[in-house]
Amino acid sequence: MSLLELRHVGKSCSRGSGRVEVLRDVSLEIDPGEVVAVWGMRRSGRSTLLSVAAGIDPPDTGHVLFDGKDLHARGATVLGDGVGYCHLRAAASSGRRVVDNVRAGLLARGVPEPVAYSRAHEALRRVGIEQGRALTLGDLDAAESVRVGIACALVLGPSLLVIDEPTKGVDLLERDAIVLLLRSLANEGVAVLVSDGDGSGLSDADRALTLDRK
């Protein structure tokens, strides 16, 4: 059984005065330790697909199964508890400290503050930005913001990381390092689902899937 499975997923969204079909009959499977990249041009549905796969948005048709269970069944709560969705560069101008941002998800789940701080410190070390834990989010460059976003998801111990365009806006010299970080997490058994719009994030994927523009 695959860790994540999308079965004939369809999704529409509002655009202007009508609705537009974004995803049509999309199926995929991801196993532990696998990096799967979803490639497509602008408005091909990449971000929508990842949002549905992470359990953030429900599909209009089809099913999304995580570890054999329907992500959108009543009472399902795997986001943050098995599935990690990386919010990248969401608060670039914020004065909040990096370490506080990383440990916020743990504190919200009732983890004691000293334990949350220790786990946040370890997550930042794992993504290669331990030295920046005292910085604010507004101090980070694009590559550092991506690493912090990954740490925010990683600190919750997910089996699956879902990351929308992690190399977008990142300097060319830093892109390979981000891709290698995701590969190393997969080598530790974490499944990684990533989207890509320019091909820069496909180099180390086990599989690359293409979405056609509607």
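In case you missed it, the structure is sitting above this.
Here the structure is a predicted model, which is why all the values come from computation and not from measurement. (Residues numbered from 1 in each chain as written. Predicted model: local features only at pLDDT ≥ 70, side-chain atom pairs only at ≥ 80, totals over all residues. Heavy atoms only, no water.)

Undergrad: With reference to specific residues and values, describe the overall build of the protein.
TA: Each helix and strand counted, the protein has 5 helices and 9 strands in total. Beginning at the N terminus, the succession of helices and strands in the protein can be written as β-β-β-α-β-β-β-α-α-α-β-α-β-β. For the protein, whose C-alpha radius of gyration is 17 Å, the value lies close to the compact-globule estimate of 17 Å for 214 residues. Here the C-alpha coordinates of the protein stretch approximately 45 × 40 × 40 Å along the principal axes. Considering only contacts in the protein between residues 6 or more positions apart, those separated by 24 or more positions represent 72%. On the protein, roughly 10500 Å² of surface is accessible, and the fraction owed to carbon and sulfur atoms is 47%. Taken as two groups, the 26 positive and 29 negative side-chain charges of the protein have centres that lie 5 Å from each other. (Helix = DSSP H or I, 4+ residues; strand = E, 2+ residues; numbered from the N terminus. Rg over C-alpha atoms; globule rule 2.2 N^0.38 Å. Contact = heavy atoms within 4.5 Å. Areas by Shrake-Rupley, 256 points an atom, 1.4 Å probe, with all protein chains shown as cover. Lys, Arg positive; Asp, Glu negative; His and termini not counted. Charge placed at Lys NZ, Arg CZ, Asp CG, Glu CD.)

Undergrad: Please provide a residue-by-residue account of the sheet that holds strand β8 (residues 191-196), values included.
TA: Read from one edge of the open sheet, 5 strands run β6-β7-β8-β3-β9, paired in parallel fashion. The outermost strands of the open sheet, each flanked by one partner alone, are β6 (83-86) and β9 (207-211). Here the strands of the sheet are splayed against their neighbours by 20° on average, with no regard to which way each runs. Sheet topology places strand β3 (residues 35-40) next to β9; 5 bridges connect them, and they run parallel. Considered in β9, the bridge of V38 is made with L209. Sheet strands in contact with helix α1 (residues 46-53) are β3, β6, β7 (160-163), β8 and β9, and its direction is about 160° off that of β8. (Pairing = 2+ DSSP bridges. Axes fitted to C-alpha atoms, helices over the stretch in contact; angles between N-to-C directions.)

Undergrad: Can you lay out the side chain of D164 for me, pointing to particular residues and giving the numbers?
TA: On the secondary structure map, D164 appears in the loop between β7 and α5 (172-187). We note that D164 is buried and unpaired, the nearest opposite charge coming from R46 at a distance of 5.2 Å. A distance of 2.6 Å separates a polar atom in the side chain of D164 from a polar atom in the side chain of S47. At a separation of 2.4 Å, a polar atom in the side chain of D164 contacts the side chain of S195. Among all residues touching D164, those that are not within four sequence positions of it are S47, L50, Y85, L88 and S195. (Buried < 20%, exposed > 50% of the residue type's maximum accessible area, 1.4 Å probe, protein only. Salt bridge = Lys/Arg side-chain N within 4 Å of Asp/Glu carboxyl O. Polar contact = N/O pair within 3.5 Å; in protein donor to acceptor, adjacent residues only side chain to side chain.)

Undergrad: Just give me the short version of the sheet that holds strand β2 (residues 18-30), but keep the residues and values in it.
TA: One open sheet accounts for 4 strands, arranged β2-β1-β4-β5; its pairing is antiparallel. With partners counted over all chains shown, the strands left at the sheet margins are β2 and β5 (69-70), one partner each. Pairing between strand β1 (residues 4-15) and strand β4 (residues 61-66): 5 bridges, direction antiparallel. Across the sheet, residue G10 finds its bridge partner in β4, namely T61. Relative to β1, α1 is tilted by about 125°, and along the sheet it contacts β1, β2 and β4.

Undergrad: Which residues make up helix α3 (residues 113-126), and what are the values?
TA: In an α-helix, one turn spans 3.6 residues, which is why side chains three or four residues apart end up on the same side. Counted at 1.5 Å a residue, the expected span for α3 with its 14 residues is 20 Å, and the 20 Å between its end C-alpha atoms agrees. Regarding α3, the residues found buried are A116, A120, A123, L124 and R126. Relative to the axis of α3, the buried residues are bounded by an arc of 155° and lie together on one face. Buried residues belonging to α3 abut α2 (98-108), α4 (142-154) and α5. (Expected span 1.5 Å × (residues − 1). Arc of directions from axis to C-beta.)

Undergrad: Describe the side chain of K11, and please don't skip the residues or the numbers.
TA: Mapping K11 onto the fold places it in strand β1. At 2.7 Å, the side chain of K11 forms a polar contact with the backbone oxygen of P58. When sequence neighbours within four positions are dropped, the list of residues in contact with K11 reads V20, E21, V22, L23, T48, V52, D57, P58, P59 and D60.

Undergrad: Any details on the pattern of salt bridges? Residues and values, ideally.
TA: Within this structure, the stated rule accounts for 11 salt bridges. Between R7 and E5 there is a salt bridge, with the nearest N and O atoms lying 2.9 Å from each other. Overall, the relative accessible area of 16% leaves E5 in the buried class. The salt bridge partner of R97 is D100, with a shortest N-O separation of 3.0 Å. Its relative accessible area of 34% is what places R97 among the partly exposed residues. In this structure, a network of salt bridges that share partners links the residues R97, D100, R103 and E113.

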